[in-house]
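# Structural characterization, general
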Amino acid sequence: MNNKWLIAGFGVMSGVIFSAQAFAVTIDEMRGEQAPYAQAFKAVDADGNGKLSKKEAAKDKDFHTGSFAKADTNHNGSLDLDEFAAYKSKVDNAENKQAATDSAITTKIKSKYLVEKNFSSFKVSVETKDNVVILSGFVDNAEQKTRAEKIAASVSGVKSVKNALVVKP
């Protein structure tokens, strides 16, 4: 059953409609966890047979060496939408978890900089990617540059610190 429903949303302010949006959606699209991945699945399903070969799956950025075998849970040499969606969901969850970890590390470092005496944290940029911290910006002297790196390295979860701070009195 592939009946589409028309969903509409309206914004109302003081009795006046100020915006309206409508879109068509199937029941399966509304309730299925795989719905966000259905479009990606269709985009790589070149022959449109509802199954992905290893070659078709390789067109998706998340399917690299070894990942097809992990996604092919029934070991039949192809992926159906459920297998594709389950694997993509795991990848997305891992990426989201890493992004949250990186964000937490950055926040902890910036918080420590704010309470550090004789340190202008507003001139220092902190970025974290895969638990690696990159410091950039300006400090007043070499001691502040060294101190900034030590503070960043002291935060739990930090693998390494790349200190690109510039001393600018």
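Residues numbered from 1 in each chain as written. Predicted model: local features only at pLDDT ≥ 70, side-chain atom pairs only at ≥ 80, totals over all residues. Heavy atoms only, no water.

Attention now goes to the overall build of the protein chain. Helix and strand counts for the protein chain come out as six helices and five strands. The helix and strand sequence of the protein chain, counted from the amino end, reads β-β-α-α-α-α-α-β-β-α-β. Taken across its 169 residues, the protein chain has 30% of its residues classed as buried. The long-range share in the protein chain, meaning contacts at least 24 apart out of those at least 6 apart in sequence, stands at 49%. Carbon and sulfur atoms form 55% of the exposed surface of the protein chain, whose accessible area is close to 11,400 Å². (Helix = DSSP H or I, 4+ residues; strand = E, 2+ residues; numbered from the N terminus. Buried < 20%, exposed > 50% of the residue type's maximum accessible area, 1.4 Å probe, protein only. Contact = heavy atoms within 4.5 Å. Areas by Shrake-Rupley, 256 points an atom, 1.4 Å probe, with all protein chains shown as cover.)

Right, let's get into the nonpolar core. Core analysis: the biggest nonpolar cluster contains 16 residues, and Ile 109, Tyr 113, Val 133 and Leu 135 have the highest contact counts within it. Every element with two or more residues in this core is listed here: α5 (81–115), β3 (124–129), β4 (132–139), α6 (142–154) and β5 (160–167). Among all residues touching Val 133, those that are not within four sequence positions of it are Ile 105, Ile 109, Val 126, Glu 127, Thr 128, Ala 152, Val 158, Ser 160, Val 161 and Lys 162. Counting 13 residues, the second-largest nonpolar core is a separate cluster that includes Tyr 37, Val 44, Ala 71 and Leu 79. (Core = buried A, V, L, I, M, F, W, Y, C linked by side-chain atoms within 4.5 Å.)

Once that is clear, we can look at the sheet that holds β3. Across the sheet, which stays open at both edges, the three strands sit in the order β3-β4-β5 with mixed pairing between neighbours. The strands lining the two open edges of the sheet, one partner per strand, are β3 and β5. The sheet shows a mean angle of 10 degrees between the axes of neighbouring strands, taken without regard to direction. Across eight bridges, β4 lies against β5 in parallel orientation. (Pairing = 2+ DSSP bridges. Axes fitted to C-alpha atoms, helices over the stretch in contact; angles between N-to-C directions.)

Moving on, we get to the packing of helix α2 (residues 35–44) against α5. Where α2 contacts α5, the two axes come as close as 10 Å, and the packing angle between them is 115 degrees. Classified by chirality, the crossing of α5 by α2 is right-handed. Packed against α2, whose contacting residues are Tyr 37, Ala 38, Ala 40, Phe 41 and Val 44, the element α5 presents Leu 81, Phe 84, Ala 85, Lys 88, Ser 89 and Asp 92 at the interface. Of the residues assigned to the contact of α2 with α5, the class counts are eight nonpolar, one polar and two charged. (Left-handed = near helix turned anticlockwise from the far one by under 90°. Nonpolar A, V, L, I, M, F, W, Y, C, P; charged D, E, K, R; others polar.)

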